[in-house]
Amino acid sequence: MTTSPDIPPPDLRERILTAAEEMLRRYGPAKTSVVDVARHLNMSHGNIYRVFASKEALRAAVVDRWLARAHAPLTAIVTGPGTPPEKLIAWFTCLADQKLAKVAGDPELFATYQALLHQVPEVIDRHLAWLAEQVRAMLAEGRDADLFRFQDLDAAAQAVLDATLPFRHPDMIVATNDGPEHRKLRAVLALVIAGLTSGALA
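Given the structure is predicted, the values throughout are model-derived calculations rather than measurements.

A. Looking closely at the packing of aromatic side chains. Tallying each qualifying case throughout the model produces one aromatic pair. Aromatic pair Trp91 and Phe92: ring centres 4.8 Å apart, planes at 80°, arrangement edge-to-face. Neither Trp91 nor Phe92 differs from the other in exposure class; each is buried.

Structure representation (structure tokens):
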């Protein structure tokens, strides 16, 4: 079966994204262009524009793919077994592990992605909305099981996100890091869960 010259091969998008990721890691956003990515793939830059309408669209897709890899294990916690309190603890410690691995483990690559994120603010908005929706899902499950008590789901989710911000924000997480056991984060989550259980939180 042949592919029409007007229809990009099905694997072209992934090949472009992988190449763009490699080039961004090596040279950074300021020194990586669509032409550079095309040259890395030994193709015309017109082939890339058949898949991505602009340099900004390509960069947004790279960031989306990067975030999707981070989202997968978090989604598995929300949809997997365990009580809502257990899920909250597992979800936030997993998120903290991810952020620490990126910020401390590969600071150059993380700085590259942070720079990209600021160039595509709509991706940041989608990511923050996704995080909030995940927390809302866990809180709603706890409320339906009569484990959590609160009046307003959105307000409760925002309170939980605010309380845990130092343990997931890239500008704060290194300072708040207390090792792989996350004692400080777990202490905050214990207070949050106690507040949700008693009805004192939101």
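B. Region of the structure containing empty space enclosed by the protein. All chains considered together, the criterion is met by three cavities of 30 Å³ or more. In this structure, the largest cavity occupies an estimated 60 Å³ of space. Looking at the largest cavity, the residues that line it are Ala20, Leu24, Thr32, Ser33, Val34, Val37, Lys55, Leu58 and Arg59. Listed by contribution, the elements that provide at least two residues to the lining of the largest cavity are helix 1 (12-27), helix 2 (34-40) and helix 4 (55-79). At three residues, helix 4 tops the list of elements feeding residues into the lining of the largest cavity. For the lining of the largest cavity, a count of residues per class yields five nonpolar, two polar and two charged.

C. Inspection of the packing of helix 4 against helix 6 (residues 107-119) at higher detail. For the pair helix 4 and helix 6, the least separation of the axes is 10 Å and the interaxial angle reads 120°. Comparing their axes, helix 6 and helix 4 come out oblique. When the axes of helix 4 and helix 6 are compared, the crossing they make is left-handed. Contacts from Arg59, Val62, Val63, Trp66 and Arg69 of helix 4 reach helix 6 at Phe110, Tyr113, Leu116, Leu117 and Gln119. Here the residues of the contact of helix 4 with helix 6 are counted per class, giving seven nonpolar, one polar and two charged.

Parameters at a glance
- Residues numbered from 1 in each chain as written.
- Predicted model: local features only at pLDDT ≥ 70, side-chain atom pairs only at ≥ 80, totals over all residues.
- Heavy atoms only, no water.
- Phe/Tyr/Trp six-rings, centres within 6.5 Å; stacked < 30°, edge-to-face > 60°.
- Buried < 20%, exposed > 50% of the residue type's maximum accessible area, 1.4 Å probe, protein only.
- 1 Å grid on protein atoms, 1.4 Å probe; cavity = no way out; pocket = protein on both sides within 12 Å on 5 of 7 lines; lining within 4 Å.
- Points joined across faces, edges and corners; volume = space filled by probe spheres on them.
- Helix = DSSP H or I, 4+ residues; strand = E, 2+ residues; numbered from the N terminus.
- Nonpolar A, V, L, I, M, F, W, Y, C, P; charged D, E, K, R; others polar.
- Axes fitted to C-alpha atoms, helices over the stretch in contact; angles between N-to-C directions.
- Parallel < 35°, antiparallel > 145°, perpendicular 65-115°, else oblique.
- Left-handed = near helix turned anticlockwise from the far one by under 90°.
- Contact = heavy atoms within 4.5 Å.

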